[in-house]
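# Geometric and topological summary
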Amino acid sequence: MTITTIPADHPRAKSLHTREMLVDGFKRNLVVAEGLIAHGRGEAFDYLIGERTSAAAKKAIRAAAAALLLSNKKAVLSVNGNAAALCPKEIVELSKITGAAIEVNLFYRTEEREYAIKAELEKHGARNVLGVGPRASAKIPELSSERRRVDPDGIFSADTVFVPLEDGDRTEALARMGKTVITVDLNPLSRTAKAAHVTMVDNLVRAMPALVQEAQALKGKDAKSLERMVRAFDNKKNLAQSLKKIRGGAL
Ligand code: ATP
Ligand code: MG
């Protein structure tokens, strides 16, 4: 990786480092230019929530880990370019702990990028990456973007899908298909945040390690207590808490 000259004591070091990871991902054909802009929208919200994992986000992370562990019809972790650039290691770890499959799913789909992302995930230990090339032969109904193309053995037949940094249209379509939808989205007002069943309003670079840790901690708990955790989670209430945090910022 071509990480450069950000001094460790720079007040925005972490944020700048994350940008570099995305620019590096862009150079390696994992990330598209539009993905860099989408990250900018996320960053603005991160600034407003104080660039820390909030109490509300912690609750959502716990509910998300429980939902992934509970899935009985194979959960799927959907990976786009930004996610592959920011947290390939954690995606693979989460897949190993929960038994969820990994599927590449891109808004701006080209075969070259699909294979580049697959290779990046494999470099971090992934096996059997779904959704690449001819495998993405099924279609999500009522969606027109290239993101409708999914793997019949993956997202199409899954009961639970984790779609970090997702577009609202597809989140809504997946929810309409009856799937439990889990996302990470820094904007509590996005259509994705509102349509998902569990939304972690947090930066992906913080939420993913926390989610891996939580899944590890909850693994082995009986289904009843996991179910209770999922049922006790109210996404709308949780989003309102995040919004309150944003509004509460003082000079
Ligand atoms: P929607 O389609 O859901 O209404 P949108 O069109 O505003 O949302 P998209 O570009 O479709 O947004 O998706 C990107 C989303 O991901 C944005 O809501 C943005 O805030 C969020 N985002 C970008 N980078 C990160 C990140 N690193 N961590 C968490 N969320 C992020
Ligand atoms: Mg969108």
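Residues numbered from 1 in each chain as written. Chains lettered and ligands numbered in written order. Predicted model: local features only at pLDDT ≥ 70, side-chain atom pairs only at ≥ 80, totals over all residues. Heavy atoms only, no water.

### A closer look at the UniProt feature "binding site: ATP" (unreviewed entry) in the protein
Sites flagged by UniProt as "binding site: ATP" (unreviewed entry) map to Arg19, Arg41, Asp185, Leu186, Asn187, Arg191, Thr192, Asn203 and Leu204. Taken together, the annotated residues stretch across 186 residues and extend over separate regions, lying up to 24.4 Å apart by C-alpha. Along the chain, the position of Arg19 falls in helix 1 (residues 13–27). Looking at Arg19, the relative accessible area reads 42%, which means it is partly exposed. Positionally, Thr192 belongs in helix 8 (residues 191–195). (UniProt positions renumbered as here; feature names shortened; annotations may be inferred. Helix = DSSP H or I, 4+ residues; strand = E, 2+ residues; numbered from the N terminus. Buried < 20%, exposed > 50% of the residue type's maximum accessible area, 1.4 Å probe, protein only.)

### Details of the pairing of strand 1 (residues 76–79)
Of the two faces of strand 1, the one carrying Val76 and Ser78 and the one carrying Leu77 and Val79 are both buried. The pairing of strand 1 with strand 2 (residues 101–104) spans four bridges and is classified as parallel. Each bridged residue has a counterpart across the sheet, and for Val79 the counterpart in strand 2 is Val104. Here two bridges tie strand 1 to strand 5 (residues 160–162), and the two strands are oriented parallel to one another. In the strand pairing of strand 5, Val76 is matched with Val161. (Pairing = 2+ DSSP bridges.)

### Describing a nonpolar patch on the surface
A grouping of Val23, Phe26 and Leu36 is seen on the molecular surface, where their side chains present a nonpolar patch of about 220 Å² in accessible area. Along the chain, Phe26 turns up in helix 1. On the basis of relative accessibility, which here comes to 39%, the residue Phe26 falls in the partly exposed class. (Patch = residues over 30% accessible without salt bridge, like charges linked within 9 Å, V, L, I, M, F, W, Y side chains within 5 Å. Areas by Shrake-Rupley, 256 points an atom, 1.4 Å probe, with all protein chains shown as cover. Salt bridge = Lys/Arg side-chain N within 4 Å of Asp/Glu carboxyl O.)

### Looking at the sheet that holds strand 7 (residues 198–200)
Pairing is parallel in the open sheet, where five strands are placed in the order 2-1-5-6-7. Every interior strand has two partners, whereas the edge strands, strand 2 and strand 7, have only one. Each neighbouring strand pair of the sheet contributes to a mean axis angle of 20 degrees, computed without reference to strand direction. Across three bridges, the pairing between strand 6 (residues 180–184) and strand 7 is parallel. The residue of strand 7 that forms the bridge with Val184 is Met200. Here helix 3 (residues 55–70) sits on the sheet and contacts strand 1, strand 5, strand 6 and strand 7; the angle it forms with strand 7, its principal contact strand, is near 135 degrees. The strands touched by helix 6 (residues 111–123) are strand 1 and strand 2; relative to strand 2, the strand with the most contacts, the crossing angle is about 150 degrees. (Axes fitted to C-alpha atoms, helices over the stretch in contact; angles between N-to-C directions. Contact = heavy atoms within 4.5 Å.)

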